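One-letter residues, chain by chain:
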Amino acid sequence: MSRLAFTLHSWLGLISGIFLLLLGLSGSALVFMKEIDHLVNADILRVEPRGERLPLDMMYRSILKNHPTSAGIAWLNPDAEPEEVYEFRLYQNDGKLSTYDLAMVSVNPYSGKIIREGNLKDLSTGFLHWMVQFHWSFQLGIPGLLLATIFALTMLLSTLTGVIIYRKHVWKVLTFREKLKCKNWRTLSSGLHRIVGVWALVFNIVIFLTGFWMNKFSFDPAYWKRQTIAMPESSLAVRNIDQLLSKAKTEMPDLIIKKVYMPTQPGKNFLVSGTVASQSAVFGNANSIALDPLTGKTVAMVRIADQNIPEKLEAAVFPLHVGNFGGVIIKVFYVIIGLLPGLLSITGALLWWRKFRKKRVF
């Protein structure tokens, strides 16, 4: 069992090592994405408040005029400070499997001026936004999305085989009785791999299980087929967006709004989501209210407190993956732990090379 586990562990690590390193580096950088983005681009992302903010409906229709084939528009920061620009995410589909079609627009809420605009597949909106799409698909479109999902599975298997290999060392490492030997690079890499692997065990299972779960739709042939059909021209919501938002606030007054989805295609609802004061942050924006953009009537209302355990677990998947359910300490922890798969791939490669050289010698 141990020999089989070691063989699987080695090959899984060698095949996916470089990609896990890239996923870990990009994921760690994205934990503080908003903070870094606003620090680096403070000159364009902070505006001087002048009078009242423009109606959201006006910005919605202006964006659609420039992007007439969008699948939907999400307002990402409805809780923006008075001096912050509005950030919008655009969902698109050009009919090509080689692209993962996300775009973004930053708008001055007082003048309506577009501050920055572009697709996440290039660097026109900045390196961090490019990295968002890289983290999900390696910038390889739908095949890249599938590749990232498969690597999440390989890392889960690698973690489980690692437990089998180092099962006698787990308790020693957790109780700080496992010493790191620095006699040479071989003993150092072996000790680092063992100690880091044990401490990262639970986190790796959570990160890669949630990553796989969010992207499992990439295995669906029907999803691939839909991506080969270019998005038709958008249709504007009949109802005023500000009126729809106002009604959502009235219908669900305790909702702390974190995201507003504005439909641009027939059959899609206007959706407002967020949290409530009594809710654990680990459930993210699991509370929502959906309105029909044609009639303005409430279609559905979801409160995480009323959901069953499977639905609550589903709601916790994204926050657990990105680490946005806590303060700075949680985020720093995610940054550090997020780098560990890369370190494990490096030390694992060194261990494999040592074993490979021994075989060649004998």
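Residues numbered from 1 in each chain as written. Predicted model: local features only at pLDDT ≥ 70, side-chain atom pairs only at ≥ 80, totals over all residues. Heavy atoms only, no water.

Caption draft 1: Quick look at the pairing of strand 2 (residues 86-91). For strand 2, the buried fraction is high: five of the six residues fall into the buried class. Of the pairings in the sheet, the one linking strand 1 (residues 72-75) to strand 2 comprises four bridges and is antiparallel in character. Residue I73 lies in a different strand from strand 2, and its bridge partner there is L90. In the sheet, strand 2 pairs with strand 3 (residues 102-107) via six bridges, with the strands oriented antiparallel. Among the inter-strand pairings, F88 is bridged to a residue of strand 3, identified as V105. (Buried < 20%, exposed > 50% of the residue type's maximum accessible area, 1.4 Å probe, protein only. Helix = DSSP H or I, 4+ residues; strand = E, 2+ residues; numbered from the N terminus. Pairing = 2+ DSSP bridges.)

Caption draft 2: Focus on the pattern of salt bridges. Inspection of every chain in the model, using the stated rule, returns nine salt bridges. One salt bridge connects K34 with E84, and the closest N-O pair in it is separated by 3.8 Å. One end of the pair, K34, is in helix 2 (residues 33-40); the other, E84, is in the loop between strand 1 and strand 2, and 50 residues separate them in sequence. E84 gets classed as buried once you look at its relative accessible area, which sits at 7%. For the salt bridge of R116 with E87, the shortest nitrogen-to-oxygen distance reads 3.4 Å. With R116 in strand 4 (residues 114-119) and E87 in strand 2, this residue pair connects regions lying 29 residues apart in the sequence. The structure contains a network of salt bridges with shared partners spanning D37, E87 and R116. (Salt bridge = Lys/Arg side-chain N within 4 Å of Asp/Glu carboxyl O.)

Caption draft 3: Representation of the nonpolar core within the structure. By size, the foremost hydrophobic cluster in this structure holds 28 residues, and its most contacted members are F88, M262, F270 and V272. Counting only elements with at least two residues in this core, the list comes to helix 4 (56-66), strand 1, strand 2, strand 3, helix 11 (241-251), strand 5 (256-263), strand 6 (270-275) and strand 7 (287-291). At five residues, the largest contribution of residues to this core is made by helix 4. Excluding residues within four positions of it along the chain, M262 makes contact with L56, Y60, G72, I73, W75, F88, I241 and F270. Membership of the second largest hydrophobic core comes to 19 residues, among which are L23, F134, Y334 and L340. (Core = buried A, V, L, I, M, F, W, Y, C linked by side-chain atoms within 4.5 Å. Contact = heavy atoms within 4.5 Å.)

Caption draft 4: Region of the structure containing a nonpolar patch on the surface. There is a patch of nonpolar side chains on the surface, built from I36, L39 and V40 and spanning about 310 Å² of accessible area. Relative to the elements of secondary structure, V40 occurs in helix 2. Residue V40 is classed as exposed on the basis of its relative accessible area, which comes to 58%. (Patch = residues over 30% accessible without salt bridge, like charges linked within 9 Å, V, L, I, M, F, W, Y side chains within 5 Å. Areas by Shrake-Rupley, 256 points an atom, 1.4 Å probe, with all protein chains shown as cover.)

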